[in-house]
Amino acid sequence: MESHTRESERAEVLAKARAAKAAAPRVARLTSGQKNKVLHAAAQALAENTEKILQANERDVQAGQDAGMADSLVDRLRLDATRIEGIAGGLRQVAALPDPVGQVVRGSTMPNGIQMRQVRVPLGVMGMVYEARPNVTVDAFGLALKSGNVALLRGSKSARNSNAALVEVLQEVLRAHDLPQEAVQLLPCETHDSVQDLITARGLVDVVIPRGSARLIQAVVTGATVPTIETGSGNCHFYIDGEADLESAITMALNGKTRRPSVCNATETVLIDAALPAAERQRVVEAFQEAGVTVHGDPEQLLGVEPATEADWGEEYLSMDIAAAVVDGVDGAIAHIARWSSGHTEAIATRNHATAQRFAREVDSAAVMVNASTAFTDGEVYGMGAEIGISTQKLHARGPMALPELTSTKWILEGTGQVRP
């Protein structure tokens, strides 16, 4: 029976991948007006089906709680009317953004008169592997459609009912606009094997984007034969320099940690300059503790903290926990970040312009904040509308990824009969 289920699952993944590949050329030819019309209709349909979606989501939330799911994951999983309206609003934002397909990246005329230009084109079939957060289902659909791609979605088992309800609404909208419902499909999630089927469907799937825990991302990146775009975990640091406005720095660091601890741009480590007086260093610790955050650090440096192990420095807590270390100025902060960061977002609080510029120049992460919370690393905040993820790799895309990052390019040369000597 298990073998039969496995073969059935694999057959479903490959059948949906083939259907996606067949639908991709039609989606790629859609005009901006056609795509925007569908996006607005999908936003309206989500709002109209709020109750249906919430009922499905409640089944997932209840199942997660019954299984002992961590509060941070339950928060990622949970939907409410406000969040659904926010998801719908993301589709409207995407509709309002410039269509990247056909944009000329660069071009020139050769001495022999041939006109050449490099233009943006869709990637094709975009696979997504993600955990818990059902909003990713809609974000992926919206960004894929606007950039001329089709979406193959492999969400987590914990969000199966929510994702199914969302995709059903989106497919109804596609059918109503005489478009292939295969422009967005949900893959089976009974076993992890379906992930492997997706990420090895070379020739059917053009790119895979993992979004979730470090473990999930690493499994996809190392196991894929399909090209991947790595969206890294967020071990984000906030450095409080000896020349910072302490109260402002504490406010920013608290915002990065407590605004929404379960997201990848949450601050996970606070670095405190040893040049600050002991009482001010302790004030940082107390501020977090007063906000309900458990601080992990060296008890010989910071009083009242939980003893930190080496694992704490590389931890993406996604909870009301934070690691704290006393470092020797900006040199120590940069060295600590280079050793432990996941390359997502790092921040500095300082009133010294030269120190700030050095930190921004030498820290090698996708985003660097100067006197601002790490929470600002977000595609919507950047004006991109919904984001597909935040890339921590250096090839193709880095940082929040939205429409331009979901395209490739091709060269088009127009001549008048020229031949090469």
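Residues numbered from 1 in each chain as written. Predicted model: local features only at pLDDT ≥ 70, side-chain atom pairs only at ≥ 80, totals over all residues. Heavy atoms only, no water.

Novice: Outline the packing of helix α6 (residues 135–146) against helix α7 (residues 160–176), listing residues and values.
Specialist: Relative orientation of the contacting elements α6 and α7 amounts to 25°, with a least axis distance of 9 Å. In terms of their interaxial angle, α6 and α7 are classed as roughly parallel. Relative to α7, the crossing made by α6 is right-handed. Here Thr137, Val138 and Phe141 of α6 lie close against α7, whose contacting residues are Asn163, Leu166, Val167, Leu170 and Leu174. Among the residues making up the contact of α6 with α7, the classes are represented as 6 nonpolar, 2 polar and no charged. (Axes fitted to C-alpha atoms, helices over the stretch in contact; angles between N-to-C directions. Helix = DSSP H or I, 4+ residues; strand = E, 2+ residues; numbered from the N terminus. Parallel < 35°, antiparallel > 145°, perpendicular 65-115°, else oblique. Left-handed = near helix turned anticlockwise from the far one by under 90°. Contact = heavy atoms within 4.5 Å. Nonpolar A, V, L, I, M, F, W, Y, C, P; charged D, E, K, R; others polar.)

Novice: Outline helix α11 (residues 278–290), listing residues and values.
Specialist: It helps to recall that an α-helix has 3.6 residues per turn; residues three or four apart then point in one direction. With 13 residues, α11 extends 18 Å between its outermost C-alpha atoms, agreeing within 8% with the 18 Å of an ideal straight helix rising 1.5 Å per residue. Listing the buried residues of α11 in full gives Arg281, Gln282, Val284, Val285, Ala287 and Phe288. One or two steps after α11, the chain reaches glycine 292, where phi turns positive at roughly 90°. (Expected span 1.5 Å × (residues − 1). Buried < 20%, exposed > 50% of the residue type's maximum accessible area, 1.4 Å probe, protein only.)

Novice: Break down the packing of aromatic side chains for me, citing the residues and quoting the values.
Specialist: Counted under the stated rule, the structure contains 1 aromatic pair. Look at tyrosine 239 and phenylalanine 359: their rings are 6.3 Å apart centre to centre, the planes differ by 20°, and that puts the pair in the stacked class. Of this pair, tyrosine 239 sits in strand β7 (residues 236–240) while phenylalanine 359 sits in helix α14 (residues 353–362); the two residues are 120 residues apart in sequence, bridging distant segments of the chain. Taking the relative accessible area as the measure of exposure, tyrosine 239 reaches 0% and is therefore buried. Overall, phenylalanine 359 belongs to the buried group, its relative accessible area being 0%. Residue placement shows arginine 339 over the ring face of tryptophan 340; its charged tip is 3.9 Å from the ring centre. (Phe/Tyr/Trp six-rings, centres within 6.5 Å; stacked < 30°, edge-to-face > 60°. Lys NZ or Arg CZ within 6 Å of the ring centre and 35° of its normal.)

Novice: An account of the side chain of serine 233 is needed here, citing residue identities and associated values.
Specialist: With respect to the helices and strands, serine 233 occurs in the loop between α9 (214–223) and β7. Setting aside anything within four residues of it in sequence, one finds serine 233 in contact with Ala214, Ile217, Glu316, Ser342 and His344.

Novice: Let's hear about the domain arrangement of the protein: which residues, and what values?
Specialist: Along its sequence, the protein is carved into domain 1 (1–230 + 398–413) and domain 2 (236–381). For domain 1 and domain 2, the distance between their C-alpha centroids amounts to 33 Å. The interface is formed by 9 residues belonging to domain 1 together with 12 residues belonging to domain 2. Sorting the residues of domain 1 by area buried against domain 2 places Arg76, Arg398 and Pro400 first, and these three jointly supply 49% of that buried surface. At the surface where domain 1 touches domain 2, the tally comes to 2 salt bridges. A salt bridge links arginine 260 to aspartate 75, with the nearest nitrogen and oxygen atoms 3.3 Å apart. (Domains from an automatic or database assignment. Buried area = accessible area lost by both parts, 1.4 Å probe. Salt bridge = Lys/Arg side-chain N within 4 Å of Asp/Glu carboxyl O.)

Novice: So what's going on with the packing of helix α10 (residues 246–258) against α11? Which residues, and what values?
Specialist: Between α10 and α11, the shortest axis-to-axis distance is 10 Å and the interhelical angle comes to 35°. Of the two possible hands of crossing, α10 and α11 adopt the one that is right-handed. Only Glu280, Arg283, Val284, Ala287 and Phe288 of α11 make contact with α10, whose side of the interface consists of Leu246, Glu247, Ile250, Ala253, Leu254 and Lys257. When grouped by side-chain class, the residues that make up the contact of α10 with α11 number 7 nonpolar, no polar and 4 charged.

Novice: Residue-level account of the nonpolar core, with values.
Specialist: If you look at soluble globular proteins, the nonpolar side chains tend to sit buried side by side. The biggest cluster of nonpolar side chains holds 68 residues, and the ones touching the most others in it are Leu46, Met126, Met128, Phe141, Leu153, Val205 and Ile388. Discounting chain neighbours no more than four positions away, the residues touching phenylalanine 141 are Val38, Leu39, Ala42, Leu91, Leu170, Leu174 and Val184. (Core = buried A, V, L, I, M, F, W, Y, C linked by side-chain atoms within 4.5 Å.)

Novice: For the pattern of salt bridges, give the residues involved together with the corresponding values.
Specialist: Throughout the structure, instances matching the rule amount to 20 salt bridges. Linking lysine 35 and aspartate 99 is a salt bridge whose minimum nitrogen-to-oxygen distance equals 2.8 Å. Linking lysine 35 in helix α2 (residues 32–48) with aspartate 99 in the loop between α5 (81–96) and β1 (104–109), this pair joins segments that are 64 residues apart in sequence. Taking the relative accessible area as the measure of exposure, aspartate 99 reaches 14% and is therefore buried. It is possible to trace a salt-bridge network through shared partners that takes in Asp331, Arg358, Arg361 and Glu362.

Novice: Tell me about the pairing of strand β8 (residues 267–273), residues and numbers included.
Specialist: With 7 of 7 residues buried, β8 lies mostly within the body of the structure. Note: β7 against β8, 5 bridges, orientation parallel. Among the inter-strand pairings, cysteine 236 is bridged to a residue of β8, identified as threonine 267. For the segment spanning β7, α10 and β8, crossover handedness is right-handed. Relative to strand β11 (residues 321–327), β8 is paired through 5 bridges, and the arrangement is parallel. In the sheet register, valine 270 faces β11, and the bridge partner there is alanine 324. (Pairing = 2+ DSSP bridges. Right-handed = clockwise from strand over helix to strand, strands pointing away.)

Novice: Before we move on, can you summarise the sheet that holds strand β2 (residues 115–122) with the specific residues and values?
Specialist: Taken in spatial order, the 3 strands of this open sheet run β1-β2-β16, and their pairing is antiparallel. Only two strands of the sheet have a single partner each, and these edge strands are β1 and β16 (407–414). Each neighbouring strand pair of the sheet contributes to a mean axis angle of 20°, computed without reference to strand direction. Across 5 bridges, β1 lies against β2 in antiparallel orientation. In the strand pairing of β2, glycine 107 is matched with arginine 117.

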